[in-house]
Amino acid sequence: MADYYDLLGVGRDADADTLKRAYRRLARQYHPDVNKEAGAEDRFKEIGRAYEVLSDPQTRARYDQFGEAGLGGAAGAPDMGDMGGFADLFETFFSGFGGASAGGGGGRPRRRGPQQGDDLRFDLTISFEQAVFGEEQEIKIPHLETCGTCGGTGAKKGSGPTTCATCGGAGQVRRATRTPFGSFTQVAECPNCGGTGQVIADPCTACGGQGVQQVRKKLRINIPAGVDTGTRLRVSGEGNAGLRGGPSGDLYVFLTVKTHPKLRRDGLNVLSEVKVSYLQAILGDTIEVETVDGNQELEIPPGTQPTSVLTLTGQGIPKLGNPVARGDQRITVTVQLPSRLSAEERELLETLAGHHSARGKQHHHHNSGLFARLFGQKG
Ligand SMILES: [Zn+2]
Ligand SMILES: [Zn+2]
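This one's a predicted model, so the numbers in the text were calculated from it and none came from an experiment.

Helices and strands together make up the secondary structure of the protein, namely nine helices and 17 strands. In the protein, of all internal contacts separated by at least 6 residues, the share reaching a separation of at least 24 is 63%.

Strand pairing in a sheet relies on backbone hydrogen bonds. The paired strands run either parallel or antiparallel. The sheet built from three strands is open, its strands ordered β1-β9-β8 with mixed pairing. In the strand order of this sheet, the two ends are held by β1 (120-126) and β8 (232-235), each with one partner. Each strand of the sheet is rotated relative to its neighbour by a mean of 25°, with strand direction disregarded. Sheet topology places β8 next to strand β9 (residues 251-257); four bridges connect them, and they run antiparallel. Within β9, the position partnered with R234 by the bridge is Y252.

Across the sheet, which stays open at both edges, the four strands sit in the order β10-β11-β17-β14 with mixed pairing between neighbours. In this open sheet, the two strands that pair with only one neighbour each are β10 (264-266) and β14 (309-312). The average undirected angle you get between the axes of adjacent strands in this sheet is 35°.

Let us look at helix α3 (residues 40-54). Here α3 spans 21 Å end to end across 15 residues, near enough to the 21 Å set by a 1.5 Å rise per residue. Within the sequence span of α3, burial applies to F44, I47, A50, Y51 and L54. Considered in projection along α3, the buried side chains sweep an arc of 125° and stay on one side of the axis. Looking at the packing, one finds that the buried side of α3 touches α1 (4-8), α2 (16-30) and α4 (57-66).

Counting residues in each nonpolar core, the largest one holds 13 residues, and the members touching the most others are Y4, L8, Y23, L26, I47, A50 and Y51. Elements that contribute at least two residues to this core include exactly α1, α2 and α3. Ranked by residues supplied to this core, first place goes to α3 with five residues. Residues L144, C147, A155 and A241 belong to the second largest nonpolar core, which totals nine residues.

Interaxial distance between α2 and α3 falls to 9 Å at its minimum, and their mutual angle equals 165°. Accordingly, the angle class assigned to the pair α2 and α3 is roughly antiparallel. When the axes of α2 and α3 are compared, the crossing they make is left-handed. Across the interface between the two elements, L19, Y23, L26, A27 and Y30 of α2 pack against A40, R43, F44, I47, Y51 and L54 of α3. Considered class by class, the residues forming the contact of α2 with α3 number ten nonpolar, no polar and one charged.

If you check α2, its first and last C-alpha atoms are 21 Å apart, about what 15 residues at 1.5 Å a residue would give, namely 21 Å. The complete set of buried residues in α2 reads K20, A22, Y23, L26 and Y30. Projection of α2 onto a plane perpendicular to its axis shows the buried side chains occupying an angular sector of 165°, all on one side. For α2, the elements touching its buried residues are α1 and α3.

To continue, consider the environment of V187. Examined against the element boundaries, V187 turns out to sit in strand β5 (residues 182-189). Along the chain, V187 and V173 lie 14 residues apart, while their C-alpha atoms are 5.7 Å from each other.

The pLDDT averaged across the protein works out to 81; a share of 82% of its residues lies at or above 70. Within the model, the stretch residues 73-111 combines pLDDT values under 50 with 47 contacts to residues more than four positions away or in other chains. Contacts from residues 363-379, a stretch scored under 50 in pLDDT, to residues over four places away or in other chains number 13 contacts.

With three bridges joining them, β10 and strand β11 (residues 269-277) adopt antiparallel strand pairing. Directly across from D266, in β11, lies its bridge partner N269. A loop of two residues connects β10 with β11, the two strands running antiparallel in sequence, and G267 in this loop sits at a positive phi of about 65°. Pairing analysis gives eight bridges linking β11 to strand β17 (residues 329-336), with the strands arranged parallel. The partner of S277 across the bridge, within β17, is Q336.

Relative to β17, β14 is paired through four bridges, and the arrangement is antiparallel. In the sheet register, V309 faces β17, and the bridge partner there is T332.

Time to look at the environment of A2. Its place among the elements puts A2 in the segment before α1. Judged by C-beta crowding, with 11 C-beta atoms within 10 Å, A2 ranks as exposed. C-alpha separation for the pair A2 and E46, spaced 44 residues apart in sequence, amounts to 8.6 Å. Once residues within four sequence positions are removed from consideration, A2 is found in contact with L7 and E46.

With that settled, consider the environment of H143. If you trace the backbone, H143 turns up in strand β2 (residues 135-146). C-alpha of H143 to C-alpha of L120: the two residues are 23 residues apart in sequence and 7.8 Å apart in space. Excluding residues within four positions of it along the chain, H143 makes contact with L120, V215, K217, E238, G239 and N240.

Cut-offs and rules
Residues numbered from 1 in each chain as written. Chains lettered and ligands numbered in written order. Predicted model: local features only at pLDDT ≥ 70, side-chain atom pairs only at ≥ 80, totals over all residues. Helix = DSSP H or I, 4+ residues; strand = E, 2+ residues; numbered from the N terminus. Contact = placed C-beta atoms within 7 Å. Pairing = 2+ DSSP bridges. Axes fitted to C-alpha atoms, helices over the stretch in contact; angles between N-to-C directions. Expected span 1.5 Å × (residues − 1). Buried ≥ 20, exposed ≤ 12 C-beta atoms within 10 Å, placed from the backbone. Arc of directions from axis to C-beta. Core = buried A, V, L, I, M, F, W, Y, C linked by C-beta atoms within 7 Å. Parallel < 35°, antiparallel > 145°, perpendicular 65-115°, else oblique. Left-handed = near helix turned anticlockwise from the far one by under 90°. Nonpolar A, V, L, I, M, F, W, Y, C, P; charged D, E, K, R; others polar. pLDDT = per-residue confidence, 0-100.

What follows is the structure, encoded as structure tokens:
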């Protein structure tokens, strides 16, 4: 058996368009009505088979991995003869001969058998504190669950699905069609069972024959310490239930963290600001500041400059996945200057200024005039 890619004269990485063009060119060349050479008809059939396999991404993947052996039952689908649909096929097949549309292409047979349930997204907003230290939280999610009444078969109790009479359980039908070029067969999804190979004569009343039901489910999810806005938590198997015995999808919880009135986050560090008076900045003090662990004492060292940043080591955000490692809290100090002075304050400051002035006179003669002008009148 020749390699399907070789048969079509394309590389193994050929895209859908390349495949289609190669197939159409060769089909025209070897069509038995056109080509009377010995073996042309067999070649024509091989080309058709190669294209049938390679034009479906799923069968192509199986072929790439396992070769002819990977295709198994697909080749054994029964030939159902003329099922009608002549116009469809005629158009699909011939639109390409004029070199017209490259798109279109008609529907491929849908995958039958078990089908995995969809993954679901759930958006959850949590507090700043919850994000920092983590917490278990209950959520209610709407998702599809396997119907408990019929166990997912979709059939009424005691009845069960039966084999589709149209396709004999194959899920696919072959349509043989006569065209001016001769007879063609095309594999299509069975219109009666939708490709599943089974039909439900007596549907389950609880789920309407779907085999699944929409349910609101309570879930307790564990929010780990250190999460942030944009963190995605995967809850395995809590997406939609699969169909026909397929596995459930997963639930993805997308987190949004509320802002905190005083604390901001920068990676693993917490940023905050604190206001101190100019006297506290000059003389030093111990004040209380808010941290993620509650209020805490912070030492303002004497001579703290405006906009300097003080650090509380290890008082930041725990690292996601390794909560023992924590960032720091970095506190920017704003020094407040009084806009009005009491008489007493003013006097004290002027004394202080005079003291400076006196010292200044000894070392910086050019400053003495300035101090005299500013503070000299009273002294
Ligand atoms: Zn049911
Ligand atoms: Zn069928």
